[in-house]
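Residue strings, one per chain:
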Amino acid sequence: MSTLKAVRGTRDLLPPETKLWQHIEATAREVFARYSFGEIRTPIFEDTQLFARGVGEETDIVSKEMFTWEDRARAQSEKAQSLTLRPENTAGVVRAYIEHSLGESGHLQKLYYIGPQFRRERPQRGRYRQFWQIGAEVLGPPSSGSESPLRDAEILEMLAAFLDQLGIRGRKLILNSVGSSSDRPRYIAALREALAPVKSQMCADCQRRADTNPLRVLDCKHPEDQAILASLPKIADFLDDASRAHFASVLAALDACGVPYQVNPRLVRGLDYYTRTTFEFVLESTEGGLGSQNAILGGGRYDGLSEMLGGPRAPGIGFAIGEDRLVLTLQSQREKAAAEVNPAANNPADNNAADMSRVTAGTPALLADAYIAPLGEAQNIAALALARDLRRAGLTIEVGDGSFRLKKSFEFANALARHIVILGEDEAATSIYTVKTFSNGEQQKIPRNELLSLLQS
Ligand code: AMP
């Protein structure tokens with residue numbers, strides 16, 4: 001029979017690598033809490049309309065990449081409806097904001113999420129069909145300060161703090177303003193005009209989008225179309241005074257916070273809901289591990305999204321970090337650091353380098369404090385009871401099995417733990433245990449009341 005495998009573009013995350021995922025997630029939670037963000041968890045599937053309306057029909061995501069199905073009604077009270085695995089999380093967060101009237105408090109809502117997203121993309125390193133995003137959104141009624149350029153700068157500074165705390169090297173912030181909903185029609189008219197004489201030379205997607213949604217032509221990745229794209233008008237030349245002033249204030253606040261950036265007038269990002277500030281953090285090619293997928297996160301402002309979804313006015317800004325790409329980056333940067341003869345001792349990323357390069361798939365990332373080896377199956381129960389007490393005292397304990405020969409117990413213990421505790425008939429009767437410490441090879445008899453402090457050492 002053929003064996004079943006994970007579906008193309010999906011994969012299993014295994015220990016010890018999951019330790020790194022946990023570390024990244026714990027760092028995100030810790031940093032975001034300092035900026036008073038709270039966690040939101042939205043459903044993994046939503047009404048297809050949410051993404052069609054929010055992200056935009058003509059985007060690559062909605063037109064090509066969504067996992068969508070017609071869901072049957074199971075009872076008369078239910079309607080059959082089109083459902084979609086979420087390809088991104090901002091639309092879901094804004095839907096929840098509207099559904100729970102979160103704006104009525106009058107305060108800014110600062111929400112973050114961590115979870116899988118789904119897009120039918122062509123899989124390659126750093127690009128999967130199920131991938132994880134860590135994202136955050138700040139939104140609220142205009143009276144809460146949600147439109148302020150301060151929000152944009154604050155969120156970008158938070159991202160810089162997060163990436164610094166993780167020890168990511170070689171990051172670069174690229175940003176642009178794509179204007180407000182009042183700038184957009186003038187720019188789109190200019191794009192249409194510029195595209196009219198050249199669109200027949202472009203790819204099929206561009207030819208269609210030149211008519212249906214000219215802004216999305218700018219997302220085209222076809223090498224043959226790039227020369228035409230470079231000759232098209234730039235959105236920066238179509239911003240009105242208010243959008244220009246907003247962007248200038250964002251840049252001034254970034255300067256004041258010491259967050260370096262580079263303005264790229266071509267950065268439009270592939271989702272329809274963005275307004276004004278859009279941004280990406282990319283990795284310098286030499287710091288990669290990511291190859292062509294060098295964008296580790298992206299985001300922007302979405303001042304009209306709530307209204308597009310039938311909600312009240314609720315300007316906002318958010319980002320999504322590609323967690324898979326962060327993991328690949330940290331792994332490759334740590335491997336590089338470990339390979340260097342004398343890694344910088346005071347860099348927090350490098351401190352873990354030796355640890356991370358030592359572990360291999362199939363063994364735990366960190367050694368247990370002790371491995372309890374029952375001698376004979378009669379001691380299994382006593383071993384489990386001892387393990388229970390030590391675990392409740394906070395130790396990490398592995399328990400072997402009484403059917404193992406002593407040699408095998410030592411081999412397993414040496415691979416999995418810092419100490420081995422031998423538990424035979426005598427030990428069970430006297431509560432004096434034989435303990436070997438692998439780091440120095442010392443073997444000693446230890447009474448029960450001294451066991452904890454020895455194993456902790
Ligand atoms: P987006 O939601 O398209 O703005 O993407 C935000 C970030 O999510 C990107 O910068 C990537 O780091 C990550 N990302 C997007 N699509 C994928 C994918 N298919 N596989 C892995 N990461 C992705």
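Higher on the page you've got the structure.
So, a few notes on the structure that sits alongside this text. Note that the coordinates shown come from a computational prediction; the quantities given were computed from them, not determined experimentally.

Cut-off values and rules
Residues numbered from 1 in each chain as written. Predicted model: local features only at pLDDT ≥ 70, side-chain atom pairs only at ≥ 80, totals over all residues. Heavy atoms only, no water. Pairing = 2+ DSSP bridges. Helix = DSSP H or I, 4+ residues; strand = E, 2+ residues; numbered from the N terminus. Axes fitted to C-alpha atoms, helices over the stretch in contact; angles between N-to-C directions. Contact = heavy atoms within 4.5 Å. Buried < 20%, exposed > 50% of the residue type's maximum accessible area, 1.4 Å probe, protein only. Phe/Tyr/Trp six-rings, centres within 6.5 Å; stacked < 30°, edge-to-face > 60°. Lys NZ or Arg CZ within 6 Å of the ring centre and 35° of its normal. Patch = residues over 30% accessible without salt bridge, like charges linked within 9 Å, V, L, I, M, F, W, Y side chains within 5 Å. Areas by Shrake-Rupley, 256 points an atom, 1.4 Å probe, with all protein chains shown as cover. Salt bridge = Lys/Arg side-chain N within 4 Å of Asp/Glu carboxyl O. Core = buried A, V, L, I, M, F, W, Y, C linked by side-chain atoms within 4.5 Å.

Now for the sheet that holds strand β14 (residues 417–423). The strands making up a sheet are joined through hydrogen bonds of the backbone, oriented either antiparallel or parallel. Spatially, β13-β12-β14-β15-β16 is the arrangement adopted by the five strands of the open sheet, whose pairing is mixed. One side of each edge strand has no neighbouring strand; the edge strands of this open sheet are β13 (397–399) and β16 (442–447). Averaged over neighbouring strand pairs, the angle between their axes works out to 25° when direction is ignored. In this sheet, β14 lies alongside strand β12 (residues 368–374) in parallel orientation, the contact comprising six bridges. Note on β14: the bridge partner recorded for Tyr371 is Ile420. Each of β12, β13, β14 and β15 (432–437) touches helix α14 (residues 380–392); the most contacted strand, β13, lies at about 170° to it.

Moving on to the environment of Ala417. Checked against the element boundaries, Ala417 lands in strand β14. With a relative accessible area of 2%, Ala417 lands in the buried category. Spatially, the C-alpha atom of Ala417 lies 15 Å from that of Lys407, the residues being ten residues apart in sequence. Discounting chain neighbours no more than four positions away, the residues touching Ala417 are Leu367, Ala368, Asp369, Ala370, Tyr371 and Phe438.

Evaluated as defined, the whole model comprises ten aromatic pairs. Where Phe32 meets Phe162, the ring centres are 5.9 Å apart and the plane angle is 50°; that geometry is what we call tilted. Remark: Phe162 occurs in helix α5 (residues 149–166) and Phe32 occurs in helix α1 (residues 17–34); sequence separation between them is 130 residues. The two residues Phe32 and Phe162 agree in class, both being buried. With a centroid separation of 5.4 Å and 55° between ring planes, the pair formed by Tyr187 and Phe238 is classed as tilted. Of the two residues, Tyr187 is situated in helix α6 (residues 184–195) and Phe238 in the loop between α8 (226–231) and α9 (241–257); the sequence distance between them amounts to 51 residues. Each member of the pair, Tyr187 together with Phe238, is buried. Linked through ring pairs, Phe32, Phe37, Tyr112, Phe162 and Phe319 together constitute an aromatic cluster. Above the ring of Tyr128, the side-chain terminus of Arg11 is found at 3.7 Å from the ring centroid.

Attention now goes to helix α4 (residues 90–99). The element α4 is extensively covered by neighbouring structure, given that seven of its ten residues are classed as buried. When α4 is considered as a whole, its buried residues turn out to be Thr90, Ala91, Gly92, Val93, Val94, Ala96 and Tyr97. Looking at the buried residues of α4, the elements they touch are β2 (45–47), α2 (48–54), β5 (109–118), β6 (130–139) and α10 (305–308). Just past α4, the residue Ser101 takes up positive phi, approximately 45°.

A cluster of nonpolar side chains, namely Ile44, Phe45 and Trp69, defines an oily patch on the protein surface of about 260 Å² accessible area. Examined against the element boundaries, Trp69 turns out to sit in strand β3 (residues 68–71). Overall, the relative accessible area of 30% leaves Trp69 in the partly exposed class.

Core analysis: the biggest nonpolar cluster contains 49 residues, and Phe32 and Phe279 have the highest contact counts within it. Sort the elements by how many residues they give to this core and α5 lands first, with ten residues. In this structure Phe32 touches Phe37, Tyr112, Ile134, Met158, Phe319 and Ile321, once residues within four positions along its chain are discounted. Within the second largest apolar cluster, 37 residues are counted, among which are Met66, Val94, Leu215 and Leu229.

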